[in-house]
Amino acid sequence: MRVLMVAEKPSLAKSLSEILSRGSSSRRKSSCSACDVHEFQGKLAVPGGGGPGLAAMFKMTSVCGHVMSLDFQPKYNNWETTDPLLLYDAETMKKEAIPSLRIPSFLRQEGKGVDYLVLWLDCDKEGENICYEVINEVEPVMKPPKTPRTQTIFRAKFSAVTEAAILHAFNNLGFPNWNESRSVDARQELDLRVGCSFTRFQTKLFQSLYSGLNNSVISYGPCQTPTLGFCVERHDEIQHFKPEKYWKLDCSVSHSSSNPLSLQWDKERIFDHEVIKLFHLMLTHHKIASVESVSEKSRSKAPPLPLHTVEMLRACSSRLHISPKQAMDIAERLYTEGYISYPRTETTKYPAGFDFKSIVSDLNKNEHFKEFTSQLLTGGIRPPSVGKDVGDHPPITPLRNAPREAVSDTQWKVYEMITCHFLATLFPDCKYKQTDVVFSLGGESFSWAGHTLIDPGFTLINTWQAIGSVPQTTAQFCKGQKWDIVQLGVSEHMTTPPGYLTESELISLMEKHAIGTDASIPVHIENICTRNYVLIQSGRRLVPTQLGIVLVHGYQKIDPELVKPTMRSEIEKQLNEIALGKADYDQVLSHTLDIFRRKFSYFRDNVSGMNELFEATFSSVASTAKLLSRCGKCLRYMTYIPVKPQRLHCKHCDETYSLPQNGSIKLYKEIKCPLDGFEIVIFSGPRGKTYTVCPYCYSNPPFSTVSKGMSCSTCPHQSCPQAMNQLSIDHCPSCDNGTLLLDPSSGPKWKMYCNSLACPVVLHCFEGVHNVEKTINECPECGAYHVLVDFKKDNTPLKGGATKHIGCYNCDPILSPLVRGPESGRHAHRGRGRGRGRGRGRRGRGRRH
DNA sequence: GCAAGGTC
């Protein structure tokens with residue numbers, strides 16, 4: 001019996017196999033560089049099978065998160081030709097989530113011929129969805145069950161990665177939950193359609209109208225946009241804030257030899273100057289305040305809860321000034337190096353039987369922690385019982401001592417924070433005595449509160465939470481005691497606006513409204529930074545940019561729901577109905593998509609509301625742009641927008657064409673691209689890099705299946721015809737200038753074109769010619785053209801004695817007739833480009849004969 | 001080029 005078991009990540013596969021094999025598993029590499037396979041012998045308890053279980057050979061391995069991700073069919077990926085509204089109905093496809101890892105093929109390989117599949121994916125909705133991604137690959141290659149009713153695919157449901165929980169899950173296998181998985185499918189589809197439609201629409205619109213947006217994409221997303229909304233909301237609060245004057249009564253008293261004490265008035269502050277003057281007048285002749293009451297209470301402060309991801313991110317941001325994204329990167333590094341436990345968890349309760357002592361003993365080697373660890377080791381460790389186990393991973397803790405010199409400075413900061421947090425959770429409460437004294441003065445109450453520290457407990461480590469013994473006094477209080485008034489005065493103050501949102505406040509808001517997950521919160525925050533919607537300023541406060549503000553105000557004007565923090569949770573609520581089996585997948589999805597389709601249409605119809613805000617903030621393209629080159633479609637001049645991202649805009653066709661960035665753009669001799677009639681421009685980049693670009697070809701590569709690795713040697717752009725030069729065959733006989741290139745993407749019909757964009761005769765079709773092998777120089781027959789090609793005919797393999805044909809494309813009948821480029825042009829209305837192309841072509845040939 | 005969610 002052979003059993004394949006699959007976890008969600010390599011680290012979990014390792015831990016699980018150690019537990020299930022009791023340390024006897026052996027590890028081997030697999031076809032996937034990230035995923036090892038752990039093998040061991042054991043027994044499989046089939047659900048409902050009874051008995052001792054089947055003796056089996058187990059293979060435990062993992063995927064790396066999602067196997068597949070959702071995207072549109074490639075034909076919808078052209079922003080110029082796809083109406084964003086169509087994206088609500090466009091066909092989608094699954095593609096490999098991490099192509100480089102080749103997970104599907106790896107799963108099929110390992111799953112081939114196994115009798116059983118056991119799924120150990122994380123126990124949440126995403127995990128359930130990945131179960132089915134794994135099943136899709138493995139089920140078709142499994143050994144067919146002996147009887148049709150034999151169940152061969154099982155799900156292990158575990159609540160923690162502890163020996164007890166894992167063994168229990170293993171002995172009580174269940175089945176994957178289709179409804180939960182479908183709710184994730186629905187979420188993916190919704191996010192894709194909504195996000196991409198809005199993003200493409202607003203990007204295209206505002207980039208064609210405004211300069212200085214300093215942004216390549218103006219994105220919209222159901223998580224990132226409400227996240228931005230929080231930052232702008234705080235900004236608005238600050239903007240609308242009107243400072244107000246208020247006044248306080250300041251009173252200090254003393255008794256015999258004690259230091260004066262400052263008292264707090266119970267009315268705190270008064271916003272009316274006349275009123276405060278009256279109070280002052282009323283009290284100013286009093287010389288004595290008497291003690292009304294004295295209370296002394298023992299108080300304590302509990303240590304922090306064990307650390308989970310979101311709290312770690314907050315601490316890194318607010319105390320270490322490290323961004324959530326960087327914090328996660330560092331934590332992952334510390335984790336892979338074995339210094340800390342798995343850093344993505346929502347659990348705040350230590351598992352039963354957690355070995356605190358061995359970790360604390362190991363940390364005791366480190367002089368940075370010795371002060372605390374030695375105290376724990378001598379005093380004994382009381383494992384805290386607080387917190388919540390949500391069944392994912394244990395809280396974040398150090399796993400072993402990291403010598404200071406073994407890690408980088410920032411790694412150390414994060415490690416130290418995690419370690420101090422861990423040690424603090426093992427320390428006792430901070431205990432102190434609080435004394436509250438109420439004084440009476442002319443009928444008004446004033447109070448004083450003092451703290452006396454009894455035991456600092458965990459605040460010895462978390463010093464910023466320490467209870468000082470301030471204000472201190474040696475005075476003894478008793479009821480009826482008379483104190484002398486040392487000072488009674490009025491002080492004037494101003495109310496102050498709140499500060500900009502700190503990153504750690506933002507994280508809390510996102511957590512509260514269930515926007516993003518512990519793993520994706522850092523990504524959303526980084527997103528709104530890189531999209532230039534917010535800037536991080538001192539104290540890691542998020543200050544929205546003009547662009548961020550205008551976007552949020554625009555949504556609020558047109559459809560406030562688009563930016564509301566409740567939007568995400570509303571969607572999740574709908575999706576949860578699918579997960580619970582209460583609602584039908586198709587119904588919920590089409591209903592929700594309908595809502596967003598209408599919202600999109602409404603937004604598009606009313607976008608002028610947002611446009612007005614852009615107009616007031618950004619300068620229009622017209623003011624910075626100039627006419628530069630002609631459009632191949634309407635033959636009118638297009639405007640060149642010289643600000644980032646520099647681009648060309650055709651006002652008449654209402655299309656924008658991207659250009660290479662970080663260099664200058666000029667018109668190139670008024671020559672048109674032979675493929676589409678657009679006037680060629682010349683790009684001069686850094687370090688003197690210069691090349692010609694067709695504005696249309698740049699975004700719409702003429703050869704759709706040019707393989708990815710084939711990059712141009714002189715320019716960085718993928719779709720540059722020069723990228724084809726690996727297949728070049730000598731120089732062009734027509735213009736005597738460029739190199740002839742073969743396009744292998746056109747299948748059995750080879751296309752040949754000239755890479756000199758100045759040459760209008762470019763396309764030749766070689767029917768029935770395949771697999772060009774080699775370039776030879778001159779045709780021995782006609783001598784007219786230099787180019788000879790070796791090729792295989794009619795798909796006959798070259799190896800194994802097949803005919804090898806050498807031909808000249810001038811005189812060889814197989815290679816004739818030559819078909820000129822413009823005839824196979826890509827636009828219906830090609831106008832003048834055609835005639836000119838032919839003329840030049842003929843001239844070119846004539847010269848050579 | 002676009003979303004959000006896994007994880008490397």
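Residues numbered from 1 in each chain as written. Chains lettered and ligands numbered in written order. Predicted model: local features only at pLDDT ≥ 70, side-chain atom pairs only at ≥ 80, totals over all residues. Heavy atoms only, no water.

Let us look at the overall build of chain A. Along the backbone of chain A there are 21 helices and 30 strands. Counting across all 849 residues of chain A, residues that qualify as buried make up 49%. For chain A, long-range pairs separated by at least 24 residues make up 67% of all intrachain contacts whose partners lie at least 6 apart in sequence. On chain A, roughly 39,700 Å² of surface is accessible, and the fraction owed to carbon and sulfur atoms is 50%. (Helix = DSSP H or I, 4+ residues; strand = E, 2+ residues; numbered from the N terminus. Buried < 20%, exposed > 50% of the residue type's maximum accessible area, 1.4 Å probe, protein only. Contact = heavy atoms within 4.5 Å. Areas by Shrake-Rupley, 256 points an atom, 1.4 Å probe, with all protein chains shown as cover.)

Let us look at the pairing of strand E14 (residues 482-494). As defined by bridge partners, strand E9 (residues 245-254) adjoins E14 across 10 bridges and the pair is classed as antiparallel. Bridge assignment links tryptophan 247 to a residue of E14, and that residue is glutamate 492. Bridge analysis of strand E11 (residues 288-301) against E14 gives three bridges, and the strand direction is antiparallel. Within E14, the position partnered with serine 290 by the bridge is lysine 482. (Pairing = 2+ DSSP bridges.)

Looking down a regular strand, the side chains alternate between one sheet face and the other. Strand direction decides the pairing type here: strand E19 (residues 647-650) and strand E20 (residues 655-658), joined by four bridges, are antiparallel. By the bridge assignment for E20, histidine 649 is matched with threonine 656.

Here we come to the environment of isoleucine 549. Within the secondary structure layout, isoleucine 549 lies in helix H15 (residues 546-558). For the pair isoleucine 549 and serine 252, spaced 297 residues apart in sequence, the C-alpha separation works out to 47 Å. With residues near it in sequence (within four places) discarded, isoleucine 549 still touches Val232, His235 and Pro544.

Now for the protein's contact with DNA strand B. Inspection of the region around DNA strand B gives 43 residues, with Pro10, Leu70, Ile98, Arg200 and Cys223 positioned closest. For DNA strand B, the fraction of atoms within 4 Å of the protein that belong to sugar or phosphate moieties is 62%. A distance of 3.2 Å separates a base nitrogen of DNA strand B from a polar atom in the side chain of aspartate 71. Contacts to DNA strand B include asparagine 77, whose side-chain N or O atom sits 3.3 Å from a base nitrogen. Put simply, the parts of the chain that give the surface near DNA strand B at least two residues each are strand E5 (68-72) and helix H5 (178-209). Ranked by residue count, the leading element in the surface near DNA strand B is H5, at nine residues. Broken down by class, the residue content of the surface near DNA strand B amounts to 15 nonpolar, 15 polar and 13 charged. (Near = heavy atom within 4 Å. Polar contact = N/O pair within 3.5 Å; in protein donor to acceptor, adjacent residues only side chain to side chain. Nonpolar A, V, L, I, M, F, W, Y, C, P; charged D, E, K, R; others polar.)

Time to look at the UniProt feature "domain: Toprim" (unreviewed entry) in chain A. Residues annotated by UniProt as "domain: Toprim" (unreviewed entry) correspond here to residues 2-157. A distance of 21 Å separates the end C-alpha atoms of residues 2-157, which is 22% helix and 28% strand. (UniProt positions renumbered as here; feature names shortened; annotations may be inferred.)

Strand order in this open sheet of four strands is E17-E18-E19-E20, and the pairing throughout is antiparallel. What marks the edges here is a single partner per strand, and that holds for strand E17 (626-630) and E20. Mean inter-strand twist for the sheet, computed between neighbouring axes without regard to direction, equals 35°. Here E17 pairs with strand E18 (residues 637-641) via four bridges, running antiparallel. Opposite arginine 630, over in E18, you have tyrosine 637 as the bridge partner. Sheet strands touched by H5: E18, E19 and E20. Its angle to E19, the strand with the most contacts, is close to 90°. (Axes fitted to C-alpha atoms, helices over the stretch in contact; angles between N-to-C directions.)

Before going further, it helps to examine the packing of aromatic side chains. Applying the stated criterion across every chain, the model contains 39 aromatic pairs. Consider the rings of tryptophan 265 and phenylalanine 279, whose centres lie 5.1 Å apart with planes at 75°: the pair is edge-to-face. Residue tryptophan 265 is found in strand E10 (residues 261-265), and its partner phenylalanine 279 is found in helix H7 (residues 273-283); the two are separated by 14 residues along the sequence. Like tryptophan 265, the residue phenylalanine 279 is buried in the burial classification. Aromatic ring contacts, followed pair by pair, group Tyr88, Phe198, Phe201, Tyr220, Tyr555, Phe600 and Phe603 into a single cluster. Its guanidinium or amino end placed over the ring of tyrosine 585, arginine 182 lies 3.6 Å from that ring's centre, counting from NZ or CZ. Against the face of tyrosine 246 rests arginine 269, its NZ or CZ located 4.7 Å from the ring centre. (Phe/Tyr/Trp six-rings, centres within 6.5 Å; stacked < 30°, edge-to-face > 60°. Lys NZ or Arg CZ within 6 Å of the ring centre and 35° of its normal.)

Here we take up the sheet that holds strand E8 (residues 153-155). The sheet built from six strands is open, its strands ordered E2-E3-E4-E1-E7-E8 with mixed pairing. The open sheet terminates on both sides in strands that have one partner only, identified here as strand E2 (26-28) and E8. Taking each pair of neighbouring strands and ignoring which way they run, the sheet shows an average axis angle of 30°. Taken together, the six bridges between strand E1 (residues 2-7) and strand E4 (residues 54-62) define a ladder with parallel strand orientation. When the bridges of E4 are listed, valine 6 appears paired with threonine 61. Sitting on the sheet, helix H1 (residues 10-20) touches E1, strand E3 (37-44), E4 and strand E7 (116-120), and the angle it makes with E4 is about 155°.

Looking now at the packing of helix H13 (residues 503-512) against helix H14 (residues 521-530). Packing of H13 against H14 brings their axes to within 11 Å, and their N-to-C directions diverge by 125°. Between H13 and H14, the angle is such that the two are oblique. In the crossing of H13 with H14, the sense of the turn from one axis to the other is right-handed. Residues Glu503, Leu506, Ile507 and Met510 of H13 lie in contact with H14, whose contacting residues are Ile521, His524 and Ile525. (Parallel < 35°, antiparallel > 145°, perpendicular 65-115°, else oblique. Left-handed = near helix turned anticlockwise from the far one by under 90°.)

This part takes up the environment of phenylalanine 271. With respect to the element layout, phenylalanine 271 can be found in the loop between E10 and H7. Exposure remark for phenylalanine 271: the relative accessible area of 40% places this residue in the partly exposed category. A C-alpha to C-alpha distance of 9.8 Å links phenylalanine 271 and glutamate 492, two positions 221 residues apart in sequence. With residues up to four places along the chain from it excluded, the contact list for phenylalanine 271 reads Glu244, Lys245, Tyr246, Trp247 and Thr495.

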